[in-house]
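Chain by chain, the residues:
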Amino acid sequence: MNRIAPIANLDLVSIAMSKLINRQDGLPGLGVYYGPSGYGKTTTIVAVANETRAYYVQMRSAWGKKALLEKIAFEMGLRPASTVAANLDLICEQMSTSQRPLILDEADHAASRPGMAELLRDIYEGSQAPLMLVGEEMLPSKLKKFERFHGRVLAWVPAQPVTLDDAHQLKVIYSPDVAIADDLLAHVVEIAHGSVRRLCVNLVNIQEHAMLHGLDAIDRATWGNQALYTGDAPRRM
Amino acid sequence: MAATKQKRRSVHLEMVGGKGGRQRIWEAIRVRRNGFFLADISDVATVDLTTARTYLQALERGGFIQQINVTEKVAEAKQYALIRDNGLEAPRLTVDGKPVIQGLVNEAMWRTMRMVHDFNFHELAALASTTELRVAPGTARIYLNQLALAGYLIEIKKGQAKGTSRSPARFRFNPARNTGPRPPMIQRTKAVYDPNLGQIVWQEEPDHDC
């Protein structure tokens with residue numbers, strides 16, 4: 001159980017990040033990773049952040065420029081300066097010298113607040129270090145408004161829906177003691193609607209059910225019509 | 001590290017305001033990047049001359065600093081300049097100037113637990129492991145237990161040690177205790193030292209009954 005399943009998303013983002021880090025001179029170093037919630041974005045980002053020793057900051061809706069820069073400075077472990085401009089300089093210096101990437105999660109907040117996208121562009125321009133934004137499905141279209149930002153993105157990475165191949169990898173981790181037949185696995189993938197989170201919840205449910213009833217193997221017929229987690233609110237009877 | 005056979009001292013004795021000797025040396029160098037002498041650095045950073053010399057040698061071998069004057073006379077002081085700036089953090093190097101990887105495991109775990117909502121030690125070890133760095137579940141378990149004692153973590157489900165439904169404890173990171181990017185250290189005495197605050201945050205209470 002001690003590992004991360006190497007599902008498709010992890011490979012995609014790792015490749016994008018190494019593209020940003022090892023890019024040729026003159027190429028832009030911005031990356032955007034976007035997708036609906038539950039697609040395993042955060043888990044993927046954790047792996048990438050550990051791989052590259054990236055600075056990770058999760059943005060909040062309440063943050064203005066000053067707060068954002070202070071949080072980034074905090075995450076870098078440097079003593080924040082008193083003004084926005086001085087903080088920007090400090091952060092740029094630290095990023096350009098260490099060349100450690102900066103990952104901003106929930107970057108949608110930057111797109112919906114005036115001046116924030118320009119600030120992110122300043123950080124990138126001042127440091128030329130890799131910067132990756134992570135956000136919801138609509139993030140690319142929100143960023144389109146900021147043409148000068150949009151043009152500097154080297155890698156657009158859409159989070160991929162979970163596949164049957166991924167399910168085989170995740171099965172080993174989340175239900176290791178039960179042989180789940182392919183027809184049941186395919187059904188679980190289908191009702192997950194692409195969400196890794198829902199798939200994992202159901203794999204755990206199936207494992208618990210099988211343990212409770214003393215089953216070593218389980219298929220669609222044995223499972224029958226029992227409820228699986230779909231994320232929908234329950235219907236009235 | 002210094003080649004002397006001195007016993008390893010615990011971290012908090014070495015640190016002033018959460019900064020170790022090498023960190024103070026590095027900061028002193030960055031301020032005087034265009035030319036500095038060993039004696040100045042040792043003085044400004046309040047680090048022993050031989051300790052400072054060892055680190056400067058490591059930095060030179062690692063390609064971070066370079067001698068810029070030509071020394072002809074005996075005992076003439078070497079002047080160095082910073083040629084590769086690594087940013088805020090002092091490069092962690094062996095005497096030969098090679099990077100030290102010890103301590104990266106704690107850093108990875110600390111980064112991971114601040115990013116993920118809730119976890120047990122198995123999950124933390126899995127999430128913090130990378131292709132280059134493997135985090136053993138046992139390491140994660142000990143680290144989690146100590147951090148929980150020190151109040152960094154909130155236990156959201158108690159662990160079950162016996163019976164058929166054995167399960168490890170689940171934790172959530174306590175956002176009020178996000179003190180900074182450097183991972184708290186577990187010292188030999190099992191005290192927890194937070195380098196972000198520069199202080200010991202948890203210590204075993206002495207047993208007064210015996």
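Peer 1: Quick question: what am I supposed to make of the overall build of chain B here?
Peer 2: Within chain B, the secondary structure is distributed over seven helices and nine strands. Radius of gyration (C-alpha) of chain B: 21 Å, far over the 17 Å computed for a compact globule of 210 residues. In terms of principal-axis extent, the alpha carbons of chain B reach across some 75 × 45 × 30 Å. The buried share among the 210 residues of chain B stands at 40%.

Peer 1: Hey, could you run me through the nonpolar core in this one?
Peer 2: Nonpolar side chains in soluble globular proteins tend to be buried together. Counting 46 residues, the largest nonpolar core has Ile45, Ile103 and Met132 of chain A together with Met113 and Leu153 of chain B as its most contacted members. In this structure Met132 of chain A touches Val13, Ala16, Met17, Leu20, Gly31, Tyr33, Ile45, Leu102, Ile103 and Leu104 of chain A, once residues within four positions along its chain are discounted. Formed by 36 residues, the second largest nonpolar core is a distinct cluster that contains Leu78, Leu88, Tyr124 and Ala129 of chain A.

Peer 1: Before we go on, may I ask you to explain the pattern of salt bridges in this structure?
Peer 2: Oppositely charged side chains are able to pair whenever their charged atoms sit close together. Using the criterion set out here, one finds 16 salt bridges over all chains in the structure. Between Glu75 of chain A and Arg114 of chain B there is a salt bridge; the shortest N-O distance is 2.6 Å. Remark: Arg114 of chain B occurs in helix 5 (residues 104-115) and Glu75 of chain A occurs in helix 3 (residues 65-76); the pair is interchain, linking two chains. Of the charged contacts in the structure, one is a salt bridge between Lys19 of chain B and Glu27 of chain B, with a shortest N-O distance of 3.1 Å.

Peer 1: Would you take a moment to explain the domain arrangement of chain B for this structure?
Peer 2: One widely used convention gives an interface's size as the accessible area the parts lose upon coming together. In terms of domains, chain B is made up of domain 1 (15-82) and domain 2 (101-200). The straight-line distance from the C-alpha centre of domain 1 of chain B to that of domain 2 of chain B is 35 Å.

What counts and how
- Residues numbered from 1 in each chain as written.
- Chains lettered and ligands numbered in written order.
- Predicted model: local features only at pLDDT ≥ 70, side-chain atom pairs only at ≥ 80, totals over all residues.
- Heavy atoms only, no water.
- Helix = DSSP H or I, 4+ residues; strand = E, 2+ residues; numbered from the N terminus.
- Rg over C-alpha atoms; globule rule 2.2 N^0.38 Å.
- Buried < 20%, exposed > 50% of the residue type's maximum accessible area, 1.4 Å probe, protein only.
- Core = buried A, V, L, I, M, F, W, Y, C linked by side-chain atoms within 4.5 Å.
- Contact = heavy atoms within 4.5 Å.
- Salt bridge = Lys/Arg side-chain N within 4 Å of Asp/Glu carboxyl O.
- Domains from an automatic or database assignment.

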